[in-house]
Amino acid sequence: MEIFNRKVEVLPTPIYITDVDAFSQNIITFRDELRKEYGNARIGYSLKTNYHCSFIDEVLDLGEMAEVVSPMEYQIAVVRGFKPSYIIYNGVVADVQNKLEVAKNGGIVNFDNVAELREATFFDIEPVDVGIRLNFDMHTGVVSRFGIDVENKEEMAWLLDQEAHPTLRIKKLHCHYSGARELYQFKRRVSKMAHFARMFGSDTIDIGGNMFGVLSPEFDIQYKCVVPSLSEYAHAIGSEMKKQFPDESVRLIVEGGTPFVTNAMHLLTKITNVKTIRGKQYVTVDCRNEDVGWTCRYKEPVVQSLCAGEVSLSTIFGSECTETDIIRRSYYGPVASGGLLLIRDIGAYSSNLTNNFILQGCRMFIDIESIVNPEVLDAH
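### Examining the overall build of the chain
Alright, step 1. Looking only at helices and strands, the chain features 12 helices and 17 strands.
Alright, step 2. Here the C-alpha atoms of the chain give a radius of gyration of 23 Å, agreeing with the 21 Å that 2.2 N^0.38 yields for 380 residues.
Alright, step 3. By principal-axis analysis of the C-alpha atoms, the chain measures approximately 70 × 40 × 40 Å.
Alright, step 4. Considering the chain as a whole, with its 380 residues, one finds that 55% of them fall into the buried category.
Alright, step 5. Looking at the chain alone, contacts between residues at least 24 apart form 69% of all its contacts between residues at least 6 apart.
Alright, step 6. Counting every atom, the chain has about 16700 Å² of accessible surface; 52% of that belongs to carbon and sulfur.
Alright, step 7. One way to put it: in the chain the 39 positive side-chain charges average out to a point 3 Å from where the 51 negative ones average out.

### Observations concerning the nonpolar core
In a soluble, globular protein the nonpolar side chains are often hidden away together inside.
Alright, step 1. Membership of the largest hydrophobic core comes to 97 residues, with the highest contact counts inside it found for F30, L159, I207 and I237.
Alright, step 2. Ranked by residue count, the leading element in this core is helix α7 (residues 183-200), at 7 residues.
Alright, step 3. Look past the residues within four positions of L159 in its chain and what remains in contact with it is V114, L117, I132, I148, H165, I170 and F200.
Alright, step 4. Counting 12 residues, the second-largest nonpolar core is a separate cluster that includes L268, L340, L342 and I366.

### Topic: helix α6 (residues 153-160)
Counting along an α-helix, one turn takes 3.6 residues, and residues three or four places apart therefore face a common direction.
Alright, step 1. Of all the residues in α6, the buried ones are M156, W158 and L159. The arc that holds every buried residue of α6, seen down its axis, measures 160°, which confines them to one face. Relative to its buried face, α6 has exposed residues pointing more than 90 degrees away, namely K153 and E154.
Alright, step 2. On its buried face, α6 is in contact with α5 (114-120), β6 (128-135), β7 (148-149), β8 (168-174) and α7.
Alright, step 3. One side-chain oxygen of the residue at the start of α6 lies 3.2 Å from the amide nitrogen of E154, identifying that residue as N152.

### Comments concerning the packing of α6 against α7
Alright, step 1. At a minimum axis distance of 10 Å, the contact between α6 and α7 shows a crossing angle of 50°. Classed by the angle they form, the pair α6 and α7 counts as oblique. Contact residues: M156, L159 and L160 in α6; F196, M199 and F200 in α7.
Alright, step 2. Classifying every residue of the contact of α6 with α7 by side-chain character gives 6 nonpolar, no polar and no charged.

### Looking at the pairing of strand β5 (residues 108-111)
Alright, step 1. Judged by which residues are buried, β5 turns out to be covered on both faces: I108 and N110 on one side and V109 and F111 on the other are all buried.
Alright, step 2. Bridging between β5 and β6 involves 2 bridges; their strand directions are parallel. Pairing of N110 across the sheet is with G131, part of β6.
Alright, step 3. For the crossover that starts at β5, traverses α5 and ends in the parallel β6, the hand is right-handed.

### With respect to the packing of aromatic side chains
Alright, step 1. Applying the stated rule across the entire model yields 13 aromatic pairs.
Alright, step 2. On the numbers, 5.3 Å between centres and 85° between planes, the contact of F23 with Y45 is edge-to-face. Residue F23 is located in helix α1 (residues 20-37), and its partner Y45 is located in strand β2 (residues 41-46); the two are separated by 22 residues in the primary sequence. Pair check on accessibility: F23 and Y45 agree, each one buried.
Alright, step 3. Ring geometry for F136 against Y177: centres 5.4 Å apart, planes inclined by 50°, an arrangement best described as tilted. You can see F136 sitting in the loop between β6 and β7 and its partner Y177 sitting in the loop between β8 and α7, a full 41 residues away along the chain. Across the pair, exposure class does not vary: F136 and Y177 are buried alike.
Alright, step 4. In textbook terms, an aromatic cluster arises when at least three aromatic residues are bridged by ring pairs, as seen for F23, Y45 and F55.
Alright, step 5. Between R198 and the ring centre of F245, over which it is positioned, the NZ or CZ distance is 5.0 Å.

Rules used in this analysis
- Residues numbered from 1 in each chain as written.
- Predicted model: local features only at pLDDT ≥ 70, side-chain atom pairs only at ≥ 80, totals over all residues.
- Heavy atoms only, no water.
- Helix = DSSP H or I, 4+ residues; strand = E, 2+ residues; numbered from the N terminus.
- Rg over C-alpha atoms; globule rule 2.2 N^0.38 Å.
- Buried < 20%, exposed > 50% of the residue type's maximum accessible area, 1.4 Å probe, protein only.
- Contact = heavy atoms within 4.5 Å.
- Areas by Shrake-Rupley, 256 points an atom, 1.4 Å probe, with all protein chains shown as cover.
- Lys, Arg positive; Asp, Glu negative; His and termini not counted.
- Charge placed at Lys NZ, Arg CZ, Asp CG, Glu CD.
- Core = buried A, V, L, I, M, F, W, Y, C linked by side-chain atoms within 4.5 Å.
- Arc of directions from axis to C-beta.
- Polar contact = N/O pair within 3.5 Å; in protein donor to acceptor, adjacent residues only side chain to side chain.
- Axes fitted to C-alpha atoms, helices over the stretch in contact; angles between N-to-C directions.
- Parallel < 35°, antiparallel > 145°, perpendicular 65-115°, else oblique.
- Nonpolar A, V, L, I, M, F, W, Y, C, P; charged D, E, K, R; others polar.
- Pairing = 2+ DSSP bridges.
- Right-handed = clockwise from strand over helix to strand, strands pointing away.
- Phe/Tyr/Trp six-rings, centres within 6.5 Å; stacked < 30°, edge-to-face > 60°.
- Lys NZ or Arg CZ within 6 Å of the ring centre and 35° of its normal.

Read these as layout, nothing more, since geometry by itself doesn't imply function.
Here it is in structure tokens:
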């Protein structure tokens, strides 16, 4: 539910505060810097990162593509106005019919495994261009379960044999890796994909995403590595692509959700209780860690106090009747019952993960432009 024209102090809570302008500017910054290095480039917005309609609509208005990984997300993209030619369909969910429909209409389909690709060969269709997700060693110590193992000689031979799948022309290549966010890892992706693009005679390389988002300093310092900017990512990826294909004959696609939406959504929540038990202070708020999202799982979310309570050390818990509903393990700042806290920079994997366990997850949204006194939310 969207809320309009309210002061921060009277907003119902919990409520997501979105910043569509920030989201749009992130995409524009990355896209423009990328195209300075390599002109034949497109952006694919990862719907699974955040389903909020205003963000999806902005991607459409910017003329970029929607990247989906399930029939549900495919339907969301279609309903929001994306033509099949502006859809990238990835993922492990078996949905051959819709995937082929996207491919037949000029979109991109990257099959995750040979089994589903073999199934697609039994459909009575005219020859169509499709893609595959490749899995090669990125030397991170992590073996991904996704994609087709390039060291599987039997499967690679089948893929390279056009007569084995006469109706499916493998012209698109895709990869995606978690836990490999450094600039040199993205250059490595491009280099490896360029090698296989020449092998398959591909016209499109999709290097996936998993770049860092735009982070506040308090969030940034929680990472052991240097967090690149969007411009630095764009330069690294684009320059390596230009090196591999100086004539820009191969289209480059970079997928992204986290880098574009992280700083474009915050969560406003109200403190319902402050108590001390055996010398430890516990703060309870009216949202849950499921509403905040994966930030609570991997890091300490950035919490900004909007109340004038006493500054103290607390653990912030959500409103579930469980001991595991922890939002922030260690928070030092002012808290008071009835006061407001703003949990910042949670655009990635947050609102799309809410559920109705014990109580209904957060369902309300307001864009920052609809807030009468947005200056209250300025970080300090």
